[in-house]
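The primary structure of each chain is shown beneath.
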Amino acid sequence: MAFIDYYKILGILKKATEADIKKAYRKLARKYHPDLNPNDKVAEKRFKEINEANEVLSNPENRKKYDQYGEHWQHAEEYEKAKQQQRHQKSSQESYGKYSQEDFSDFFNNMFGGTSSSARDRKVKFRGQDFNAELQLDLKDVYTTHKRTLTVNNKNIRITIPAGVENGQIIKIKGHGGHGVNGGPNGDLYIQFSIINHSKFKRDKDNLHLTVDLDLYKALLGGEIAIDTFTGKVKLNIKPETQNGSRVKLKGKGFPKYKKDGEFGDLLITYQIKIPEKLSNQEKALIKELQKLR
Amino acid sequence: METKNLIPIQLLCKQYKIPESFINTLQEFQLIEIIIEDDDLYIHTTQIKEVEKMMRLHYDLDINFEGLDAIYNLLNQVESLKEEVKILQNRLRFYEDL
């Protein structure tokens, strides 16, 4: 466990006054406060450090002890023994504001035995911290609504993943975040979906796109082909003289619409006409005949 | 009117140990909506998270109401931009895959 330089964290000198500390804390807290930097882990970590530094330096008793022992803080334990019982009784009754014990470093907890008797006198109920998680799913997984069990902070949570969720979409699981402070409600869990597509379909919101190879003769003369949809094969009539790059839409054969049960997007098929290769002499002759006719 | 999802402002202020004027000022700045029912003032439970956030910013960081208003609007803008980035990233992915 390394020594933490709280003065350095707040960017102040050792001789800083209480007003200097307060000013430095407010300035940094405004920059890194989690409410102003949602989902920013770096800012959250920085804010915890700033908060911890402020908890120590803004409290004259803690500051004195910190200054006295500094890097030799490990010896503070003997010094504190005499006061231990008294403080233990006191600290158990105090408010910790919105910060939980785990928001403080081991260094802090070891030296000060938990959160200090801070100036906070508002014993307020606060919601717990919101948690963020990422869930990786395959495109075919989100074609149907299904249930999945996740482990978040050693707790199993069974969630329903609605069909049609999008890549990057975030859903909220109420009450599965951090525990509330002073009897406040729990925070929420936010799950962001990362959807990986291993299929031959390309997804654009509710619509699916598919490129289908078409042989030259079928494109010229028309016919029937079987194509893949997300749920199986369907037969499709090809009009005579179908052009390369032309598109057909199969209504309702796309992806499910999010939270619209039974509604689907469309499947858009683009034809890619394959020109025959390695023509025989006879084929070449016949094609030349065709060319003369045009 | 159904008051199941409404919290009396008096109770909220007592719970959070904040003056009612704080909530009234938030409403004046149109940062929250106050519902009046039978002469009692309520806020919807969905707004509690916002009230808590503004309490922290106001009391912990000394941000005044004008500042809260600016922050609230900027955070909303950040949210919409994030949503737009997500849509554009998905659209880009679609074309990159083609």
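Below or above, wherever it landed, is the structure these notes cover. The model shown is predicted, which means the values in this text are computed figures rather than measured ones. (Residues numbered from 1 in each chain as written. Chains lettered and ligands numbered in written order. Predicted model: local features only at pLDDT ≥ 70, side-chain atom pairs only at ≥ 80, totals over all residues. Heavy atoms only, no water.)

## Side note on the interface of chain B and chain A
Taken together, the contact between chain B and chain A spans 24 residues of the former and 30 residues of the latter. Overall, the association of chain B and chain A removes approximately 2,600 Å² of surface from exposure, summing both partners, and the carbon and sulfur fraction of that is 51%. For chain B, the biggest contributors to the area lost against chain A are Asp60, Leu61 and Phe94 of chain B; these three give 23% of the whole. Linking chain B with chain A are four salt bridges, by the criterion used here. Between Arg91 of chain B and Asp204 of chain A there is a salt bridge whose closest N-O contact spans 3.2 Å. Counting across the interface, chain B meets chain A through ten residue pairs in polar contact (both at pLDDT 80 or more). (Contact = heavy atoms within 4.5 Å. Buried area = accessible area lost by both parts, 1.4 Å probe. Salt bridge = Lys/Arg side-chain N within 4 Å of Asp/Glu carboxyl O. Polar contact = N/O pair within 3.5 Å; in protein donor to acceptor, adjacent residues only side chain to side chain.)

## Digging into the packing of aromatic side chains
All names here are of chain A. This model, assessed by the stated rule, comprises twelve aromatic pairs over all chains. When the ring of Tyr143 is compared with that of Phe255, the centres are 5.4 Å apart and the planes differ by 80°; the resulting orientation is edge-to-face. Here Tyr143, found in the loop between strand 1 (131-138) and strand 2 (146-152), pairs with Phe255, found in the loop between strand 10 (247-250) and strand 11 (267-274); they are 112 residues apart in sequence, far enough to count as distant. Judged by its relative accessible area of 13%, Tyr143 falls in the buried class. (Phe/Tyr/Trp six-rings, centres within 6.5 Å; stacked < 30°, edge-to-face > 60°. Helix = DSSP H or I, 4+ residues; strand = E, 2+ residues; numbered from the N terminus. Buried < 20%, exposed > 50% of the residue type's maximum accessible area, 1.4 Å probe, protein only.)

## Some remarks on helix 2 (residues 20-28) of chain B
Residues and elements named next belong to chain B. Restricting attention to buried positions, one finds in helix 2 the residues Phe22, Ile23, Thr25 and Leu26. The buried residues of helix 2 occupy one face: seen down the axis, they fall within an arc of 160°. Count one or two residues on from helix 2 and you reach Gln30, which has phi positive near 60°. (Arc of directions from axis to C-beta.)

## Some thoughts on the sheet that holds strand 1 (residues 6-8) of chain B
All names here are of chain B. The three strands are arranged 1-3-2 in an open sheet whose pairing can be described as antiparallel. Bordering the open sheet on either side are strand 1 and strand 2 (35-37), each of which pairs with just one other strand. Averaged over all pairs of adjacent strands, the angle between their axes in this sheet comes to 45°, without regard to strand direction. In this sheet, strand 3 (residues 40-44) lies alongside strand 1 in antiparallel orientation, the contact comprising three bridges. Note on strand 3: the bridge partner recorded for Pro8 is Tyr42. Of the strands in this sheet, strand 1 and strand 3 touch helix 1 (residues 9-16), which is tilted by about 70° from strand 1. (Pairing = 2+ DSSP bridges. Axes fitted to C-alpha atoms, helices over the stretch in contact; angles between N-to-C directions.)

Geometric values such as these leave the question of function open.
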